[in-house]
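# A closer look at the structure
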Amino acid sequence: MDNALKKSAFVAGKSIHILSEVVANKIAAGEVVERPASVLKELIENALDAGATQIDVQVVYGGRRLISVSDNGCGMGRDDALLSVERHATSKIRDLADLERIATLGFRGEALAAIASVARFRLLTRRGSDLMGSELLISGGKIQEVRDTGCPPGTAVEVRDLFFNVPARRKFLRSEQTELVHLRQVFMTYGLAHPAIGMKLTIDDRLITNLAPGATLEERRRDLFSFLAPADLRPVNHFRGGVRLTGQVALPAVSRADRAEQYVFVNGRPASAAVLSAAIREGYHTLLPRDRYPIVFLFLELDPTLVDVNVHPTKREVRFHSPGQVREAVTAAVREALALEGGFVPQTIGQLVPTPAGEHPPLAGFAPAAPERRFPYPAPRGANAGTAAPLTPPMPGTSAVAPEAPASGAGAARLGAPAAPWAWCRILGQIGNLYVVMETEDGLALMDPHAAHERVLYERFMAQVSKGQIESQLLLVPETVELSPHDALQLCRHLELLKRLGFGIAEFGGDTFVVDALPRCFQSASAKALLTDLAAILTTAGEKRSADHLLEEQIAQAACKAAVKAQEQLTLPEIDELVKQLARTEMPYTCPHGRPTLIHTSFQELAKKFARQ
Ligand code: ADP
Ligand code: MG
């Protein structure tokens, strides 16, 4: 080690020299070519820049063995073909002024040179007007052969044995399945951004996706993201401050636990920028809990001189000259699509009272009223300040509250457990259509029924897990669930664990699963929402390489949340039961995610506040 250090210091100190072309390209490759998906991205961008109307992609063994992209674009003559693999060789910009208004996807002129330096590379290209095409063979950056060849007009690039000469990089490649997910994500991203262009994806000699040319955005969205229901999406169409916004945003109800399904394009280029994520979140405002991310397909168009795409070699990161304006436009567009400003409030997550099926969506500012048969307690006016939400009168005889005899009424619970937060309690009602108000022996308690329900389910399930006796409930009708490629991979990896936990789940080919049973605790969850949330949990847990028992806990947490979310509004007896069950849990004061279930104000505190003490 010491010797090696000395030696390199010696070499570095001796003299300065310009790196050879081959070495420089390999260094650049380190930035541009991270994994097979980055190669695919650059090649598809080149095909698009070449004006192709059909692009065919082929990958073998997660892209390690082969990534090939052929297009019917403008093609190149022999001289251009030779130049194209040189570093800083580009036909797309000439001078600094061009850099200010980039209209092509490429411009740095380094992708082909970089890719060719870390793989076995073959380029076949012909201009429509030429009789003969050219073929170039390069291996690890060294040109092996240049010859005339017969080929159709357009360009085909084949990249074999990626990183064959960079063992350090090869080691960082993930499993074939993971690399495939990334490759498919790139394909989907560009397929979505260019509905007019026909695209084919072949994986290991099987044609996986065939996108017809001349499609509309909606057709493409349906082809590529069939796991999203059209009813869950809202169109975006907005113009503000020089920014045009189109696309679709999903209702908050189908949000995700990560940003994996946020597709944002700036002038046709897949783009990311902190300001964009923030603006999208702001657009959803309070409709999403902090740990959920919306699904969006957003296309921004603005004057190219107001966007800087030359921030990073991968060109994904963008900077805006006036981020404030972009932020406002995105937020307004999202809000308008969700009609937050127009009047219609889409279903929010975690609402105790979901809009009953078939009813009109509620107007902005109106919380849906609890149907009488459900929870016959009056919601005080303050709960929906300023609105005319109808009050449900208390129904004598149906109330389980027995104030004079708290220990014997159905609404009261006498509990022996030492950890119980109260010895007895009296349920007074529900406010804001949500919080349960209770009197206990020493004060006033407010309970969030969602958080409480999650806690109860969680402990019940974990108790079964620790005893190894998990109750599983067969579904009346097995459900098939299609997931995104990324989510599907995560589930596949943990199928055995999930089965052990009482999930009756099997692969059904492609990214589809069949669910025929759920742990009894979670039977109210929608299989689709449950699987999507589990995939997200498994992704983050997988990154940390969590032990199985931690995974079990996280799976249980996610499942509780999904089960509670899907639950219909609670009936009075259910709330009653919930209060009793919560009192019996080991940790009644928080939900499994750490949110409080109860807020307690003692009589002493009240007395202080009323200056009685
Ligand atoms: P950039 O795209 O940034 O210009 P690349 O290294 O990706 O740099 O490509 C270098 C040049 O090779 C391009 O500017 C273009 O002229 C040419 N080229 C690359 N791919 C194609 C293609 N599929 N069809 C036509 N020309 C291409
Ligand atoms: Mg390029």
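Conventions used here
- Residues numbered from 1 in each chain as written.
- Chains lettered and ligands numbered in written order.
- Predicted model: local features only at pLDDT ≥ 70, side-chain atom pairs only at ≥ 80, totals over all residues.
- Heavy atoms only, no water.
- Helix = DSSP H or I, 4+ residues; strand = E, 2+ residues; numbered from the N terminus.
- Buried < 20%, exposed > 50% of the residue type's maximum accessible area, 1.4 Å probe, protein only.
- Contact = heavy atoms within 4.5 Å.
- Areas by Shrake-Rupley, 256 points an atom, 1.4 Å probe, with all protein chains shown as cover.
- Salt bridge = Lys/Arg side-chain N within 4 Å of Asp/Glu carboxyl O.
- Near = heavy atom within 4 Å.
- Polar contact = N/O pair within 3.5 Å; in protein donor to acceptor, adjacent residues only side chain to side chain.
- Nonpolar A, V, L, I, M, F, W, Y, C, P; charged D, E, K, R; others polar.
- Core = buried A, V, L, I, M, F, W, Y, C linked by side-chain atoms within 4.5 Å.
- Patch = residues over 30% accessible without salt bridge, like charges linked within 9 Å, V, L, I, M, F, W, Y side chains within 5 Å.
- Axes fitted to C-alpha atoms, helices over the stretch in contact; angles between N-to-C directions.
- Parallel < 35°, antiparallel > 145°, perpendicular 65-115°, else oblique.
- Left-handed = near helix turned anticlockwise from the far one by under 90°.
- pLDDT = per-residue confidence, 0-100.
- Lys, Arg positive; Asp, Glu negative; His and termini not counted.
- Pairing = 2+ DSSP bridges.

## What about the overall build of the protein chain?
A count of helical and extended segments in the protein chain gives 18 helices and 22 strands. Classification of the 613 residues of the protein chain by burial places 49% in the buried group. For the protein chain, contacts bridging at least 24 residues in sequence account for 66% of all contacts bridging at least 6. Accessible surface for the protein chain amounts to roughly 29500 Å². Of this, 54% is attributable to carbon and sulfur atoms.

## Regarding the pattern of salt bridges
The full count for this structure, using the stated rule, is 27 salt bridges. Among the salt bridges present, the one from Glu-135 reaches Arg-147, with a minimum N-O distance of 3.0 Å. Here Glu-135, found in strand S4 (residues 133-139), pairs with Arg-147, found in strand S5 (residues 142-149); they are 12 residues apart in sequence, far enough to count as distant. Given a relative accessible area of 5%, Glu-135 falls into the buried group. Take Arg-147: its relative accessible area is 33%, and that puts it in the partly exposed class. The network of salt bridges with common partners includes Arg-122, Glu-135, Glu-145, Arg-147, Glu-158 and Arg-160.

## With respect to the site of ligand 1
Neighbouring ligand 1 are 19 residues, the closest being Asn-46, Thr-90, Ser-91, Lys-92 and Gly-109. Measuring from an oxygen atom of ligand 1, one finds a backbone N or O atom of Ala-111 at 3.2 Å. In the complex, 94% of the free accessible area of ligand 1, which totals 530 Å², lies under the protein chains. Classifying every residue of the shell around ligand 1 gives 8 nonpolar, 7 polar and 4 charged.

## A look at helix H13 (residues 485-493)
In terms of burial, H13 is a largely internal element, 7 of the 9 residues being buried. Where H13 is concerned, the buried positions are Pro-485, His-486, Asp-487, Ala-488, Leu-489, Gln-490 and Leu-491.

## Points about the nonpolar core
Among the nonpolar cores identified, the biggest contains 60 residues, and Val-33, Ile-55, Val-57, Phe-121, Val-159 and Phe-225 are the most heavily contacted of them. Here this core takes 8 residues from helix H8 (residues 176-193), the largest share from any one element. Filtering out sequence-adjacent residues up to four positions away, Val-33 remains in contact with Ser-38, Val-39, Ala-114, Ile-115, Leu-162, Phe-163 and Arg-169. Ranked by size, the runner-up nonpolar core spans 37 residues in total, among them Val-481, Phe-513, Leu-518 and Leu-538.

## Some words on a nonpolar patch on the surface
Taken together, the side chains of Leu-19, Val-23 and Ile-27 present a nonpolar region at the surface, about 250 Å² in accessible area. Residue position: Ile-27 is located in helix H2 (residues 21-32).

## Considerations on the packing of helix H12 (residues 449-467) against helix H16 (residues 548-566)
At a minimum axis separation of 9 Å, H12 and H16 run at an interaxial angle of 140°. With respect to H16, the axis of H12 lies oblique. Handedness of the H12/H16 crossing: right-handed. Touching His-450, His-453, Glu-454, Leu-457, Tyr-458, Phe-461, Met-462 and Val-465 of H12 are Glu-552, Glu-553, Ala-556, Gln-557, Cys-560, Lys-561, Ala-563 and Val-564, all from H16. Considered class by class, the residues forming the contact of H12 with H16 number 9 nonpolar, 3 polar and 4 charged.

## Quick look at the side chain of Thr-209
Within the secondary structure, Thr-209 sits in strand S8 (residues 206-211). Look at Thr-209 and you get buried, because its relative accessible area is 16%. With residues near it in sequence (within four places) discarded, Thr-209 still touches Phe-187, Met-199, Lys-200, Leu-201 and Leu-224.

## Quick notes on the confidence of the model for the protein chain
Looking at the protein chain as a whole, the pLDDT averages 81, with 84% of positions reaching at least 70. Every residue in residues 341-418 is under pLDDT 50, and counting partners more than four places away or in other chains gives 137 contacts.

## So, the side chain of Arg-269
In this structure, Arg-269 sits in strand S12 (residues 269-270). The buried charged residue Arg-269 lacks any salt bridge partner; its closest oppositely charged side chain belongs to Glu-45, at an N-O distance of 4.5 Å.

## Remarks on helix H10 (residues 274-284)
Within H10, the full set of buried residues consists of Val-275, Leu-276, Ala-279, Ile-280, Gly-283 and Tyr-284. Lining the buried residues of H10 we find strand S10 (243-250), strand S11 (262-266), strand S13 (296-301), strand S15 (319-320) and helix H11 (323-337). Positive backbone phi, at 50°, marks His-285, one or two positions downstream of H10.

## Examining the environment of Arg-221
Take Arg-221: it is sitting in helix H9 (residues 217-224). Placed 29 residues apart in sequence, Arg-221 and Leu-192 show a C-alpha to C-alpha distance of 6.4 Å. Discounting chain neighbours no more than four positions away, the residues touching Arg-221 are Leu-192, Ser-226, Leu-228, Pro-230, Leu-233, Gln-248 and Phe-297. Within the local environment of Arg-221, its side chain forms a polar contact with the side chain of Gln-248, the two groups lying 3.1 Å apart.

## Description of the sheet that holds S11
Across the sheet, 5 strands lie side by side as S9-S10-S13-S11-S12; this open sheet has mixed pairing. On the outer flanks of this sheet lie strand S9 (233-240) and S12, each paired with one strand and no other. Direction of pairing for S11 relative to S12: antiparallel, over a ladder of 2 bridges. By the bridge assignment for S12, Val-266 is matched with Arg-269.

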